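Single-letter residue listing:
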Amino acid sequence: MTVKEILDKTRITFSFEFFPPKTEQGWDNLFHSIADLMPLKPSWVSVTYGAGGSTRDRTHDLIMRIKKETDLTAVAHLTCVGSSREEIADIVDRYVENNILNILALGGDPPKDATLKPAQDGFRYATELVEFIKSRHSQICIGVAGFPEGHPATPNRLLEIEYLKAKVDAGADYIITQLFFDNRDFYDFCERCRLSGIDSPIIAGIMPVLTKKGMYRMVDLAAGVRLPARLLKLVSRADSDDYVAKAGVHWASEQVRDLLDNDVRGIHFYTLNKSPATIQIYESLGVRTSEQFLL
Ligand code: FAD
């Protein structure tokens, strides 16, 4: 099934994001997490993509393994960075041959070690990737990224929404947001999207703070994300990782509760391949499975 079809028959979707592990142990751990998360019946799961040969293959391998071993709908992330037009075409064709018809089309960030050179005939922005995929395989359902607090490369927030609208006009079916910690940023983003004529479903990206170290890594990776002082105070009171995780899950649960009360279209959990936080958030909301939101 495509994400569009799932959205059409669901009031609120719940999706989980995984990354392809690098080690055997990582694969085992991930499939244990997936087994733990299966009873929550996610609307779909997605797999991140890292530019560069082996990372790229791991995304494909994980997508295929999820398809083979579970009944979950899998969405493959794909980025412009570092791939030629031909390479992107190969990847997309291979997905279609295997009946994977869901892609999250992204710009991607150049790797910090700069070993990956930009492809001469590649794509610069996600809009071009969306156009390319749609023209090659119109049956593919495409998601794109949105940034409630803005994307660092575009300080002009009016222009940024125009670029987002261009992705939607190019054929994107829905938007998943960068993680955020203050729901007011998300609501304001949604309103700005509506004002500019974007009426696609907007799915809120949620990631709980689980360790202090992880919090630093998170703001490094998710550039521009703001940690509200109230959250920092909460985390600073916790004197162990166990308590940071409890506090972080509490904050994320409150965020999701408020989003549900305000008719959010979907929640996308950045799971970091772990299951406990997502399960605890479901429990604290009184949600047994995502299927209770089917229309
Ligand atoms: P784009 O839409 O291409 O935008 C990138 C920047 O260019 C923005 O500042 C935008 O405003 C600007 N821009 C767009 N069009 C134009 C134009 N025509 N002229 C000038 N400027 C323009 N990264 C990975 O490497 N792998 C992943 O799997 C991955 N998954 C992600 C999942 C989600 C839900 C999100 C929110 C992000 C993910 N990222 C991933 C990170 C993402 O690739 C980066 O944040 C990237 O910098 C922006 O991606 P984008 O798709 O918004 O790019």
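Calculation rules
Residues numbered from 1 in each chain as written. Predicted model: local features only at pLDDT ≥ 70, side-chain atom pairs only at ≥ 80, totals over all residues. Heavy atoms only, no water. Helix = DSSP H or I, 4+ residues; strand = E, 2+ residues; numbered from the N terminus. Rg over C-alpha atoms; globule rule 2.2 N^0.38 Å. Buried < 20%, exposed > 50% of the residue type's maximum accessible area, 1.4 Å probe, protein only. Areas by Shrake-Rupley, 256 points an atom, 1.4 Å probe, with all protein chains shown as cover. Lys, Arg positive; Asp, Glu negative; His and termini not counted. Charge placed at Lys NZ, Arg CZ, Asp CG, Glu CD. Expected span 1.5 Å × (residues − 1). Salt bridge = Lys/Arg side-chain N within 4 Å of Asp/Glu carboxyl O. Arc of directions from axis to C-beta. Axes fitted to C-alpha atoms, helices over the stretch in contact; angles between N-to-C directions. Parallel < 35°, antiparallel > 145°, perpendicular 65-115°, else oblique. Left-handed = near helix turned anticlockwise from the far one by under 90°. Contact = heavy atoms within 4.5 Å. Nonpolar A, V, L, I, M, F, W, Y, C, P; charged D, E, K, R; others polar.

Engineer: An account of the overall build of the protein is requested, with residue identities and associated values reported.
Structural biologist: Of the regular secondary structure elements, the protein holds 11 helices and 8 strands. The globule rule puts the C-alpha radius of gyration for 295 residues at 19 Å, and the 18 Å found for the protein is close to it. Across its three principal directions, the C-alpha atoms of the protein cover 50 × 45 × 45 Å. Out of the 295 residues in the protein, the part that is buried amounts to 54%. Surface summary for the protein: the accessible area is close to 14500 Å², and the carbon and sulfur share equals 51%. A distance of 3 Å separates the average location of the 35 positive side-chain charges in the protein from that of its 40 negative side-chain charges.

Engineer: Talk me through helix α4 (residues 85-97); I want residue IDs and the actual numbers.
Structural biologist: Its 13 residues place the ends of α4 18 Å apart at the C-alpha level, agreeing with the 18 Å of an ideal helix rising 1.5 Å per residue. Turning to α4, its buried residues number three or more, namely I88, A89, I91, V92, D93, Y95 and V96. Downstream of α4 by a residue or two, N99 has a phi angle that is positive, lying close to 60°.

Engineer: Kindly report on the pattern of salt bridges, identifying the contributing residues and their values.
Structural biologist: Two side chains with opposite charge may pair up if their charged atoms get near one another. Counting across every chain of the model gives 13 salt bridges. Linking E87 and R56 is a salt bridge whose minimum nitrogen-to-oxygen distance equals 3.8 Å. Pair noted here: E87 is in helix α4 and R56 is in helix α3 (residues 53-69), with a separation of 31 residues, a long-range link. Overall, the relative accessible area of 31% leaves E87 in the partly exposed class. When the shortest N-O distance is used, the salt bridge between R192 and D188 registers 2.9 Å. One end of the pair, R192, and the other, D188, are both in helix α7 (residues 183-195), 4 residues apart, so they sit about a helical turn from each other. Given the relative accessible area of 40%, D188 is considered partly exposed. Within this structure, D182, R184, D185 and R226 form a network of salt bridges that share partners.

Engineer: Can you break down helix α2 (residues 24-37) residue by residue, with the values?
Structural biologist: The end-to-end C-alpha distance of α2, which contains 14 residues, comes to 20 Å, matching closely the 20 Å that a straight helix rising 1.5 Å per residue would cover. G26, W27, L30, F31, S33, I34 and L37 are the residues of α2 that are buried. Viewed along the axis of α2, the buried residues span an arc of 155°, placing them on a single side of the element. Opposite the buried face of α2, at more than 90 degrees from it, the exposed residues are E24, Q25 and H32.

Engineer: Which residues make up the packing of helix α6 (residues 157-169) against α7, and what values do they have?
Structural biologist: To characterise two packed helices, one gives the angle between the axes of the helices and the distance between these axes. Relative orientation of the contacting elements α6 and α7 amounts to 65°, with a least axis distance of 10 Å. Taken together, the axes of α6 and α7 lie roughly perpendicular to each other. For the pair α6 and α7, the sense of crossing is right-handed. Contact residues: R157, I161 and L164 in α6; F189, R192 and C193 in α7. By residue class, the composition of the contact of α6 with α7 is 4 nonpolar, no polar and 2 charged.

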